[in-house]
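The residues making up each chain are set out below.
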Amino acid sequence: MSSSDIFIGEIIGTAVLILLGGGVVAAVVLKRSKAQNAGWLAITFGWGFAVMTAVYMTGTLSGAHLNPAVTVGIALKDGDWSNVPVYFAGQMLGAMLGAFLVWIAYYGQFQAHLTDPEIVSAPPHEEGMVDQKAAPNAGPVLGVFSTGPEVRVVWQNLATEIIGTVVLVLAVLTQGLNDSGKGLGVIGALITAFVVVSIGLSLGGPTGYAINPARDLGPRIVHALLPLPNKGGSDWGYAWIPVVGPLVGGAIAAGIYNIAFA
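Presented here is a report on the structure given in the accompanying data block. As the structure is a prediction and not an experimental result, all values here were calculated from the model.

**Structural notes on the packing of aromatic side chains**
For any pair of aromatic rings, geometry is given as the distance between the ring centres together with the angle between the planes. Under the counting rule described, the total for this entry stands at six aromatic pairs. Pairing Phe100 with Trp103 gives two aromatic rings, centres 5.5 Å apart and planes at 50 degrees, and the pair type is tilted. Taken together, the residues span about one helical turn, with Phe100 and Trp103 both in helix α4 (residues 84-105) at a distance of three residues. For Trp103, a relative accessible area of 12% puts it in the buried group. Here Trp103 and Tyr107 contribute two aromatic rings whose centre-to-centre distance is 5.7 Å and whose plane-to-plane angle is 70 degrees, an arrangement assigned as edge-to-face.

**As for the nonpolar core**
Grouped together as the largest cluster of nonpolar side chains are 55 residues, with contacts concentrated most on Leu17, Trp47, Phe110, Val144, Phe145 and Leu228. Residues in contact with Phe110, not counting those within four places in the same chain, are Leu30, Val102, Trp103, Val141, Val144, Phe145 and Leu228.

**Some points on the environment of Ala26**
The topology assignment puts Ala26 in helix α1 (residues 3-29). By relative accessible area, Ala26 is classed as buried at 0%. Excluding anything up to four places from it in sequence, Ala26 contacts Ser33, Val102, Tyr106 and Val144.

**A word on the side chain of Ser33**
With respect to the secondary-structure elements, Ser33 resides in the loop between α1 and α2 (40-62). Looking at Ser33, the relative accessible area reads 14%, which means it is buried. Separated by 2.6 Å, the side chain of Ser33 and the backbone oxygen of Ala27 make a polar contact. With residues up to four places along the chain from it excluded, the contact list for Ser33 reads Ala26, Ala27, Tyr106 and Gln109.

**A look at the side chain of Asn212**
Inspection of the secondary structure assignment puts Asn212 in the loop between α9 (186-203) and α10 (213-225). Overall, the relative accessible area of 5% leaves Asn212 in the buried class.

**Here's the deal with the layout of surface pockets**
As a volume, the second largest pocket reaches approximately 230 Å³. If you go around the second largest pocket, you meet 14 residues; those closest to its centre are His65, Ile74, Asp80, Asn83 and Tyr87.

**Observations regarding the pattern of salt bridges**
Across all of its chains, the model carries four salt bridges by this definition. Lys31 is the salt-bridge partner of Asp116, the closest N and O atoms lying 2.9 Å from each other. One end of the pair, Asp116, is in the loop between α5 (107-114) and α6 (117-121); the other, Lys31, is in the loop between α1 and α2, with 85 residues separating them in the sequence. Judged by its relative accessible area of 16%, Asp116 is buried. Residue classification places Lys31 among the partly exposed residues on the basis of a relative accessible area of 23%. For Asp78, the salt bridge goes to Lys77, with nearest N and O atoms at 4.0 Å. Using a relative accessible area of 46% as the deciding quantity, one classes Asp78 as partly exposed.

**A word on α10**
An α-helical turn contains 3.6 residues, so any two residues separated by three or four positions project in the same direction. Between its terminal C-alpha atoms α10 stretches 18 Å, which fits the 18 Å expected from 13 residues at 1.5 Å a residue. In this structure, the buried side of α10 is in contact with α1, α2, α3 (68-78), α4, α7 (142-145) and α11 (241-260).

**Remarks on the environment of Gly21**
Inspection of the secondary structure assignment puts Gly21 in helix α1. With a relative accessible area of 0%, Gly21 lands in the buried category. Along the sequence, Gly21 and Phe45 sit 24 residues apart, while their C-alpha atoms lie 9.2 Å from each other.

**Observations regarding empty space enclosed by the protein**
Summed over all chains, the structure comprises one cavity of 30 Å³ or more. The volume enclosed by the largest cavity comes to roughly 40 Å³. Taken together, Ile18, Gly22, Trp47, Ala99, Val102, Val144, Phe145, Arg215 and Pro219 make up the lining of the largest cavity. Here the residues of the lining of the largest cavity sort into seven nonpolar, one polar and one charged.

Criteria and cut-off values
Sequence order as written defines residue numbering, which begins from 1 separately in each chain. Where totals are concerned, whole chains, interfaces and linings use all residues; where local detail is concerned, this predicted model gives features only for residues with pLDDT of at least 70, and gives and counts side-chain atom pairs only at 80 or more. The basis for every side-chain value is the complete set of heavy atoms in the structure, and neither hydrogens nor water enter the calculation. Between rings of Phe, Tyr and Trp, where Trp is taken as its six-membered ring, a pair exists when centres lie within 6.5 Å; planes separated by under 30 degrees are stacked, by over 60 edge-to-face, and by other angles tilted. Strands are runs of DSSP state E lasting at least 2 residues, helices are runs of H or I lasting at least 4, and numbering of each runs from the N terminus. Relative accessible area decides the class of each residue, using a 1.4 Å probe on protein chains only: under 20% of the type maximum gives buried, over 50% gives exposed, and in between gives partly exposed. Only buried Ala, Val, Leu, Ile, Met, Phe, Trp, Tyr and Cys residues count toward a nonpolar core, and they belong to the same one when joined by side-chain atoms within 4.5 Å. Contacts were defined at the residue level, with two residues in contact if any of their heavy atoms lie within 4.5 Å. Polar contact is defined as a pair of N or O atoms within 3.5 Å, subject to the rule that within protein one atom must be able to donate a hydrogen and the other to accept it, and that residues adjacent in sequence are counted only when both atoms are side-chain atoms. Using a grid of 1 Å spacing that covers the protein atoms alone, one calls a set of points a cavity when a 1.4 Å probe fits there but cannot get out, and a pocket when the set is open and has protein on both sides within 12 Å along at least five of seven lines; lining residues are those with an atom within 4 Å of a point. Grid points are joined across faces, edges and corners, and a volume is the space filled by probe spheres set on the points. In what follows, salt bridge is the name for a side-chain nitrogen of Lys or Arg lying within 4 Å of a carboxyl oxygen of Asp or Glu. Helix span is expected to be 1.5 Å times the residue number reduced by one. The residue classification treats Ala, Val, Leu, Ile, Met, Phe, Trp, Tyr, Cys and Pro as nonpolar and Asp, Glu, Lys and Arg as charged. All others, Gly included, are polar.

Following this line, the structure appears as structure tokens:
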């Protein structure tokens, strides 16, 4: 795979991942959406199908890492770091593009939601987003773009992201991702999708399971930049956890793979 293929593939794949993943969250939480209040099952399966679509679409182009934690895990497994910066750049740009497209797709719903007096004046926890006492600058739609903890305990939040990412990256590595340089096939994409659904159902409750630094940081930057009325802050005090946790988790998964499976 050339650097240009990797860069373009990761932009497209990560953009599709965030468009569909962030899109299902917007569909569930925003007023005037036909899917409002569809619940956590809709969100977890929506993210799983987003992974499946993005991986299947770009697997042969870039290997469909779509996640810096996966890239780190594969680099530690194979000992090849030459394309890691290209992967990271494509993933971040793709994540930001995907978040921007969610805003475009749900523009009217964002406006209706954030100008509704009941929404603007309601305690944020009623919106299912964040604890306002713990994160006074977090707005009522931040959860469409990035993750946040239900209970803000730093070590636990970090540990949850590490554990979830270990499961994801170890599942990817044990499928032999990129062994032939062609990325995941159809079955691999489906397996990875259901792994993500499983993580969401089993481990997503505490933090919203970022398990992907680009997935959280890129859209959080977009949230900070978009002209959303009454959006509040972007909770930068928490933002390091869904970046550091998944990267550590990816490294641990590679260590387990090298010890147990290599």
